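So you can see what is in the structure, the chains are spelled out below.
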Amino acid sequence: MKRVALARHIEGVPTPADFRLEEAPLPTVEEGRFLVANSFVSADPGTRSRLSPGASYAPPLPPGATVDGFAVGRVIDSRNDRFPVGTLVTHGGGWSTHAVSSGRGYCIALPDIGVSDSAWIGVLGVPGMTAWFGLKRVAAIQPGDTVLVTSAAGPVGATAGQLARHFGASRIVGLAGSAEKRAWLVDECGFDVALDYRDPDLDLAVKAALPDGIDILFDNVGNAMIDRMLPEMKMRGRIVISGQVADYNSPAEQVPGIRQTREFIARRLRMEGMVVFDDLPSFAGAQSEVAGLVKDGTLKTKEVIGEGIESLPGLFSGLFSGTDFGRRLARI
Ligand SMILES: NC(=O)c1ccc[n+]([C@@H]2O[C@H](COP(=O)([O-])OP(=O)(O)OC[C@H]3O[C@@H](n4cnc5c(N)ncnc54)[C@H](OP(=O)(O)O)[C@@H]3O)[C@@H](O)[C@H]2O)c1
């Protein structure tokens, strides 16, 4: 088997040199465990928060550890009756061609519902479920709500915008960094407007796009954008802190603050962070509904596929340069 390990703790923006490829014999499968041959493994921006010392909401990974990521694959050897040979599973075993599991933690035997294997670590996996539960549970989305999504062309953002429509939002605006991304959001994903977040007049552009203000800010990027958008929030608006891709590469003391907190009082705002695994017991119902939307063509997705486990460091580093876009996956 092959795996990608963290070569050293990272300062600033990650590069492929921060990782190293290692080979090892396939592990022996002990009683109660099973061996999965992965078919796809993901590169996730949230992993960045564990690759420096003094990391954020999760403890740092030590150098030498297998890098975090999600995978989908088939059981090829088993001494566990719940996961017989041939079972399709998704798990969080990291950047590796194979994984041994006992089935505990984030490890799910998948039903055959006619979707691609890779969807289980994309729109039906952690990114898609973050969009679903961020809107449904954290923001308590209501028909008629107006929604602003940051990093809207990413797997979480694009799904959030499209699900907001499914849940009855009246107007959906996305922020994205390239003309190609913005065209995809409007032409394919049905966003009403897509704006360039680097526009110095972004505040005016958001006011024009959402003249009555924002009911739900679904934020994937971090504090500076939240602070900037606070005056655009409507009365009783909700802010979902999904992720902080603009802040992950900065040491804590350089992460911008949120200053305009008076808006929370004036507009009775609520801001809440989420970790999608809190919603794990409810994944199956959401996944079956999202699968229906994918299969009937209502919900659009995009993937960037690299070949082999060795493609993951490059796919991961590319998350922070905003070049090609879509769920970044290595095909094993
Ligand atoms: N809370 C949870 O449980 C949970 C679970 C999964 C994911 N997440 C979070 O959800 C967020 C989105 O994840 P994703 O997988 O869909 O990734 P993503 O949004 O596609 O992240 C990569 C994109 O972020 C944008 N970006 C990079 N640097 C930026 C910067 N400095 N300022 C603004 N935008 C920047 C780039 O797009 P542009 O070209 O548009 O700049 C880039 O293509 C991440 O923050 C992730 O950590 C949270």
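Rules used throughout
Residue indices begin from 1 for each chain and proceed along its sequence in written order. Note on the predicted model: pLDDT of at least 70 is required for a residue's local features to be given, and 80 or more for side-chain atom pairs to be given and counted; whole-chain, interface and lining totals, by contrast, use all residues. The side-chain figures draw on all heavy atoms in the structure; neither hydrogens nor water molecules are used. Secondary structure elements follow DSSP: runs of H or I no shorter than four residues count as helices, runs of E no shorter than two count as strands, and numbering proceeds from the N terminus. Values of the radius of gyration come from C-alpha atoms, whereas the globule rule sets the reference at 2.2 Å times the count of residues to the power 0.38. Burial classes follow relative accessibility: with a 1.4 Å probe on protein chains only, a residue under 20% of its type's maximum area counts as buried, one over 50% as exposed, and anything between as partly exposed. Contacts are assigned to residue pairs with any non-hydrogen atoms lying within 4.5 Å of each other. Here the Shrake-Rupley method, with its probe set to 1.4 Å, supplies the accessible areas, and only the displayed protein chains count as covering residues. Note on definitions: angles span 0 to 180 degrees between N-to-C directions of axes, and those axes are lines fitted to C-alpha atoms, for helices only across the stretch in contact. Angle categories are assigned with fixed cut-offs, so that under 35 degrees is roughly parallel, over 145 is roughly antiparallel, 65 to 115 is roughly perpendicular, and the rest are oblique. Three classes are used: nonpolar for Ala, Val, Leu, Ile, Met, Phe, Trp, Tyr, Cys and Pro, charged for Asp, Glu, Lys and Arg, and polar for all others, with Gly counted as polar. A cavity here means a set of 1 Å grid points, computed over protein atoms only, where a 1.4 Å probe fits but cannot escape. A pocket is an open set with protein on both sides within 12 Å along at least 5 of 7 lines, and lining residues have an atom within 4 Å of a point. Grid points are joined across faces, edges and corners, and a volume is the space filled by probe spheres set on the points. Segmentation of the chain into domains, including their bounds, is taken from an automatic or database domain assignment. A single heavy atom is enough: if one lies within 4 Å of a molecule or strand, its residue is considered near that molecule or strand. Contacts described as polar in this section are N or O atom pairs within 3.5 Å, which, within protein, must combine one atom able to donate a hydrogen with one able to accept it, while residues neighboring in sequence count only if both atoms come from side chains. What makes a salt bridge here is a side-chain nitrogen of Lys or Arg within 4 Å of a carboxyl oxygen of Asp or Glu, nothing more. By nonpolar core is meant a set of buried Ala, Val, Leu, Ile, Met, Phe, Trp, Tyr and Cys residues that side-chain atoms within 4.5 Å join together. Pairing between two strands is assigned when DSSP locates at least 2 bridges connecting them.

For the rest of this paragraph, the subject is the overall build of the protein chain. Of regular secondary structure, the protein chain possesses eight helices and 15 strands. Over its C-alpha trace the protein chain gives a radius of gyration of 20 Å, about what one expects of a compact globule, namely 20 Å for 332 residues. Referenced to the eigenvectors of the C-alpha coordinate spread, the extents of the protein chain come out at roughly 60 × 45 × 35 Å. A buried classification covers 52% of the 332 residues belonging to the protein chain. A sequence separation of at least 24 residues applies to 68% of the contacts in the protein chain between residues at least 6 apart. Entry remark: accessible area of the protein chain is about 14,200 Å², with carbon and sulfur atoms responsible for 53%.

This part covers the packing of helix H1 (residues 126-138) against helix H7 (residues 283-295). Two elements in contact, H1 and H7, have axes separated by 10 Å at closest approach and are oriented at 105°. Viewed along their axes, H1 and H7 adopt a mutual orientation that is roughly perpendicular. Contact with H1, carried on its side by Met129, Trp132 and Phe133, involves Phe283, Ala286, Gln287, Glu289 and Val290 of H7 and no other residues of that element. Considering only residue class, the contact of H1 with H7 consists of six nonpolar, one polar and one charged.

Moving on, we come to the layout of surface pockets. Roughly 430 Å³ of volume is contained in the second largest pocket. If you trace the second largest pocket, you find 20 residues lining it, with Gly54, Tyr248, Ser250, Pro251 and Ala252 closest to the centre. Partitioning the lining of the second largest pocket into residue classes produces eight nonpolar, nine polar and three charged. Viewed by domain, the lining of the second largest pocket spans two of them, domain 1 (2-122 + 301-331) and domain 2 (126-277), each represented by three or more residues.

As a further point, take the site of the ligand. For the ligand, the set of nearby residues contains 25 residues, the closest of which are Ser151, Lys181, Tyr197, Tyr248 and Met274. Ser242 places a polar main-chain atom, nitrogen or oxygen, 2.9 Å from a nitrogen atom of the ligand. Across the complex, the protein chains shield 87% of the 920 Å² of accessible surface that the ligand would expose by itself. Listing elements by their share of the shell around the ligand, those giving two or more residues are H1 and helix H2 (155-166). For the shell around the ligand, a count of residues per class yields 14 nonpolar, ten polar and one charged. The two domains that each donate at least three residues to the shell around the ligand are domain 1 (2-122 + 301-331) and domain 2 (126-277).

When its domains are assigned, the protein chain resolves into domain 1 (2-122 + 301-331) and domain 2 (126-277). Inter-centroid distance (C-alpha atoms) of domain 1 to domain 2 is 27 Å. Contact with domain 1, which involves 20 residues of that partner, is made by twelve residues of domain 2. In this assembly, domain 1 and domain 2 are joined by zero salt bridges. Counting the contacts that link domain 1 with domain 2 gives two residue pairs in polar contact (both at pLDDT 80 or more).

With that settled, the discussion passes to the environment of Leu280. Among the structural elements, Leu280 can be located in the loop between strand S13 (270-273) and H7. If sequence neighbours within four positions are ignored, Leu280 has contacts with Tyr106 and Ile108.

Core analysis: the biggest nonpolar cluster contains 52 residues, and Leu124, Leu135, Ile141, Val147, Leu163, Leu185 and Val290 have the highest contact counts within it. Elements with a minimum of two residues in this core: H1, strand S8 (146-149), H2, helix H3 (179-187), strand S11 (214-219) and H7. Considering every element that reaches this core, the biggest residue donor is H1, with seven residues. If sequence neighbours within four positions are ignored, Leu124 has contacts with Ile113, Val115, Ala119, Met129, Gln287, Val290 and Ala291. Among the nonpolar cores identified, the runner-up in size contains 21 residues, and Leu210, Leu217, Met229 and Met233 belong to it.

Time to look at the sheet that holds S8. Sheet strands pair by backbone hydrogen bonding; their relative direction is either parallel or antiparallel. Taken together, the six strands give an open sheet; going across it, the order is S10-S9-S8-S11-S12-S13, and neighbouring strands pair in parallel fashion. Of all strands in the sheet, those with a lone pairing partner are strand S10 (193-195) and S13, marking the two edges. Strand-to-strand twist of the sheet, defined as the mean angle between neighbouring strand axes without regard to direction, takes the value 15°. Note: strand S9 (residues 171-175) against S10, three bridges, orientation parallel. Its bridge partner lying in S10, Leu175 is registered against Leu195. Contacts from H1 reach S11, strand S12 (233-241) and S13, with the element oriented near 145° to S11.

Moving on, we come to unusual backbone geometry. One non-glycine residue, Ser151, adopts positive backbone phi at about 40°. Relative to the assigned elements, Ser151 resides in the loop between S8 and H2. Judged by its relative accessible area of 31%, Ser151 is partly exposed. Positive phi outside glycine occurs at Arg236, with the angle close to 60°. Residue Arg236 is classed as exposed on the basis of its relative accessible area, which comes to 56%.

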